[in-house]
Amino acid sequence: MPLAGEPSNPVAPQDGGPDALLVADIALLTDLHRQVLAESGRDRLAELMTRLEEAAAGASDHGDPDEPSRIIEALSADDAASLAAALTVHFHLINLAEERHRSRLLRLADPRSGEATPDMWPAVAALGHLANRVHDLRIHPVFTAHPTEARRRAVSAALNRIGDNLDRYDDAAAGLHETEAARRRMLEEIDILSRTSPLRTTPPQPTDEVRTVMQVFDQTLFRTVPQLYRSVEMVIADGDAGRRAPEVPAFLRFGSWVGGDRDGNPFVTAEMTRQTAAIQADHALRALTTAAERIARTLTMNEEATPPSAELANSIARDAVSAPEVFSGIRTSSPGEPHRQKLMFVGERLAATRSGRLELAYRQPDELLADLRLIQESLHEAGDDRAAFGELQHLIWLTETFGFHLAELEVRQHSAVHRAALDELLAQLDEVPSDDAARLTLLDRLAVEGWPEHVQPRSDKTREVLDTLRVMSWLQDRWGPRSCGRYIVSFTQGAEHLVAVRALGRLAVRDAPLRLDVVPLFETGADLNGAVDALEEWLPLPSTQAWLAGTDGHVEVMVGYSDSAKDVGPAAATLTLHKAQDELVGWAEKHDIHLTIFHGRGGSLGRGGGPLHRAILAQPPGSVAGRFKVTEQGEVIFARYADETLAQAHLERLTSAVLLAGTEDATEGNRTATDRFADTARLIEETSREAWWKLVRIPGFADVVAESSPLEELGELRLGSRPARRSGATSGRDLADLRAIPWVFAWAQIRANIPGWYGLGTGLEAVGDVALLREAYREWPLFASMIDVAEMSLAKANPRLAASFLELGGRPEITERVLGELERTRRWVLATMGQDELLEQKPLLHGRVALRARSVDALSHLQLRALRIIRNVNGGMDEAERNSWTRVLLLTVNGAAAGLQNTG
């Protein structure tokens, strides 16, 4: 909704429908933004925004294509920067209104009706034997520091404050005074937001990224997690939840790469990993302490009404003599209240654990759980089941989920780094392996038997590799074995890449304990196709067998969505990943392995993003089996977890999808469809991959991408601590070195979005049978998901703007190829879906895209103008003017990311 002159709202409800509040909120925030601009003498900006939006809408709708350029040509760099900043604020306010509206709808829904997760909970409840199904359930989101969150923390904080006051303003119970106060505060905060630079002046450090992610745990997850378990318990207990011992285990585990992922990030060191674990533990222990103290204050039942068990009485007596001064104060404040006394003492011990007072501290979370269960069992024996299985159970669930470490810190490093370190170390041995097979045998023996004492690192890089493994061992001793035990190997291509880590670990700690779960990450198309061969080579090795004996046969394998899509194109990557996972399931069944597939999905449509619950239901038969692990990256973390209501809805959706994916109906349906459309999939995979390669392998293609997009300037946005290229280079034209995130980000900015659809049209056209394609869309969840993702990506594209951007690359044949495939893909996607327009059957999504379309197009025209000026090396600009237009470019990139609601 632009600041002025909007003829109609694309999401306006009919007859005051359920979205009336959303429309009212957007109108309110828009009016407040306009008022702020007027009060500060910037009312011309509102008029300019409207003119440019209307011109951009006309240009995209067969109007005058040159009108946006005429408006922008008259702007100075300062005016263009102000306009870009104002449009960015406008997008942030729209996004805020939508987020609050989604949360409001979920809060108003009856949680038992299934409205919070449409069609999911009722289907789960109908499964029967749900207690058995959740017994082995494991859902494992892993937060990563991938630099895809374009908003500064200052901007996010301002939006949170505006959102809080918007809730107060919309509160039907609020009086006139409260409403006016909320409106005044929103004006103040929007004024502050409009004067806050959206651009970072310095890149965030890894510790900044760690503390940013901690906000999600502090603000939402510590409350949401027990609520999730309780919602599942309510389905199982059929209204009797909280009155009996729950049948729901703590099936959630959280992981984090923030402070642990050093693949191409020189700023994540062993010391950084140690500091990260300490920060995480501090937040976990503070939350547990707060919860224990809060619940303890409520356990005021006296010993006559609720007598303690003999075990609890003995435990309290031991506590009294182990810490007499502490317990004396507790007894004085809670006389005759043994259950309260014990839990208050638990709180004191947790506080001591956090502060490092070892004489009172818990050494391991299991000690805490033993105390909590002792209280619970005593309450149950005394007949107070409500107190036993109510809030106290929430504390037990929190402890089981988070331990003292909060989230398992996972280490990731590139296989090439390990090889370089081993080259240095193996050169010190008397025996030098003659070939790859001999090298593998030697590494396996070193992993099992250990290294000679004289072998020592000689370079700083090798010392850092070994120090990382030593830190993992130390963290496990300090915070428990779950704190940091997984080691992800990027670009795994063979057994040697897995054995290498175990051999390095043996050298790093010698005979000291180290839990080391080495996880292969298969990323490219070739690596995915060779995954089973690599695992077959790895499985019989003595070091592997020794490790498996301690895991009960559990193996984790990670598959990468981002680099596979960049390597072979989105359609081929989707189908290759599906085939690879199907082969992995067969490998696991053959060897009696309990397999967990770890999905390295990005947030954007070009990196495996899209509706996660649909993706789960589309997985190959047997690949989920009650266990699902997935990365949550960048802006996705805050979109899904920053709001308590939205976080619970997301986790409920995730849980129900994992439960449903393992049913016989889902498994058999996927298997039947996979077999039925195998030839169709093979043809689409081959032809789409060939189309992708014909584009990206054109000589000079990397130069076209760099010249026609803000790719080389993205580093100046300072989104994260990690460089955009694995080599650490700040620039260059090698696509192989370029990470998937800036690759996807750049294509989104120039409104082409090829990582989300390119090649699919060629694949569908090769099939040529519309009836068959429509049948596949109806019956095969994977195919339907692939088509839906492409549809959304196409809906965010703008062919006319994309053509203008690509013209800057000076290669008209590449522009023609991209636009030709875009039109082909659009035509065949619509035919496959039986539609005339994109998003025709998704009115809510259509409304969200339409709501932003004019403003996003306006920003794109601004960005195009800035790029033309910057790329014009013969323009005669001085450095100051070039810097001014570079700032305009970065502002438009930041604003478009907010408008399109994705970065990389």
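Residues numbered from 1 in each chain as written. Predicted model: local features only at pLDDT ≥ 70, side-chain atom pairs only at ≥ 80, totals over all residues. Heavy atoms only, no water.

Caption draft 1: Structural detail: the packing of aromatic side chains. Applying the stated criterion across every chain yields a total of 21 aromatic pairs. Relative to W747, the ring of F701 lies with its centre 6.2 Å away and its plane at 20°, an arrangement referred to as stacked. Remark: W747 occurs in helix α32 (residues 740-749) and F701 occurs in helix α31 (residues 701-708); sequence separation between them is 46 residues. For the pair shown, F701 and W747 are each scored as buried. Joined through ring pairs, the aromatic side chains of F143, F217, F222, F254, F402 and Y641 make up one cluster. If you follow R349 out to its NZ or CZ, it ends over the ring of Y362, 3.9 Å from the centre. Directly above the aromatic system of W885 lies the positively charged group of R865, at a separation of 5.3 Å from the ring centroid. (Phe/Tyr/Trp six-rings, centres within 6.5 Å; stacked < 30°, edge-to-face > 60°. Helix = DSSP H or I, 4+ residues; strand = E, 2+ residues; numbered from the N terminus. Buried < 20%, exposed > 50% of the residue type's maximum accessible area, 1.4 Å probe, protein only. Lys NZ or Arg CZ within 6 Å of the ring centre and 35° of its normal.)

Caption draft 2: Spatial organisation of the side chain of S564. Mapped onto the elements of the fold, S564 is located in helix α24 (residues 562-568). Of the polar contacts made by the side chain of S564, one reaches the backbone oxygen of G560; its length is 2.8 Å. What S564 contacts, discounting residues up to four positions off in sequence, is E523, T524, L528, G569, A573 and L577. (Polar contact = N/O pair within 3.5 Å; in protein donor to acceptor, adjacent residues only side chain to side chain. Contact = heavy atoms within 4.5 Å.)

Caption draft 3: Representation of the sheet that holds strand β2 (residues 255-256) within the structure. In space, the 9 strands of this open sheet follow the order β3-β2-β1-β9-β8-β7-β6-β5-β4, with parallel pairing throughout. The two strands at the open ends of the sheet, each matched to only one other strand, are β3 (408-409) and β4 (411-414). Judged from the 4 bridges that link them, strand β5 (residues 486-490) and strand β6 (residues 517-522) form a sheet pairing that is parallel. Opposite Y487, over in β6, you have V518 as the bridge partner. Where helix α25 (residues 570-591) meets the sheet, it contacts β7 (554-560) and β8 (594-600), and its direction lies at approximately 170° from that of β7. (Pairing = 2+ DSSP bridges. Axes fitted to C-alpha atoms, helices over the stretch in contact; angles between N-to-C directions.)

Caption draft 4: The arrangement of the environment of E690 in detail. Mapped onto the secondary structure, E690 falls in helix α30 (residues 678-696). E690 sits 104 residues away from G586 along the chain, and the two C-alpha atoms are 28 Å apart.

Caption draft 5: The pattern of salt bridges, seen in detail. Applying the stated criterion to the full structure yields 61 salt bridges. One salt bridge in this structure joins E247 and R244, with 3.5 Å as the shortest N-O distance. Overall, the relative accessible area of 30% leaves R244 in the partly exposed class. E791 is paired through a salt bridge with K842; the nearest N and O atoms lie 2.7 Å apart. In this pair, E791 sits in helix α35 (residues 781-795) while K842 sits in the loop between α37 (812-833) and α38 (843-871), placing the two residues 51 residues apart along the sequence. A residue is classified by how much of its surface remains accessible, and E791, at 0% relative accessible area, is buried. (Salt bridge = Lys/Arg side-chain N within 4 Å of Asp/Glu carboxyl O.)

Caption draft 6: Geometry of the environment of G550. Locating G550 in the fold gives a position in the loop between α23 (542-548) and β7. C-alpha separation for the pair G550 and R515, spaced 35 residues apart in sequence, amounts to 9.6 Å.

Caption draft 7: Structural view of the pairing of β6. Of all the 6 residues making up β6, 6 are buried; the element is thus mostly covered by neighbouring parts of the structure. Burial of β6 is two-sided: the residues D517, V519 and L521 facing one way and the residues V518, P520 and F522 facing the other way are all buried. Between β5 and its parallel partner β6, the chain crosses via helix α20 (residues 495-509), and the hand of that crossover is right-handed. Across 2 bridges, the pairing between β6 and β7 is parallel. From the neighbouring strand, F522 faces β7, where its bridge partner is V559. (Right-handed = clockwise from strand over helix to strand, strands pointing away.)

Caption draft 8: Local environment of helix α13 (residues 338-355). Along its 18 residues, α13 runs 26 Å from first to last C-alpha, staying within 8% of the 26 Å computed at 1.5 Å per residue. Along α13, 13 of the 18 residues are buried, which leaves the element largely enclosed by surrounding structure. One or two positions beyond α13, positive phi appears at G356, with a value near 85°. (Expected span 1.5 Å × (residues − 1).)

Caption draft 9: Quick peek at the environment of Y777. Position of Y777 relative to the elements: it lies in helix α34 (residues 770-779). Overall, the relative accessible area of 19% leaves Y777 in the buried class. Once the C-alpha coordinates of Y777 and G895 are considered, the two residues, 118 residues apart in sequence, prove to be 35 Å apart. With residues up to four places along the chain from it excluded, the contact list for Y777 reads F783, A784, I787, D788, T832, M833 and K842.

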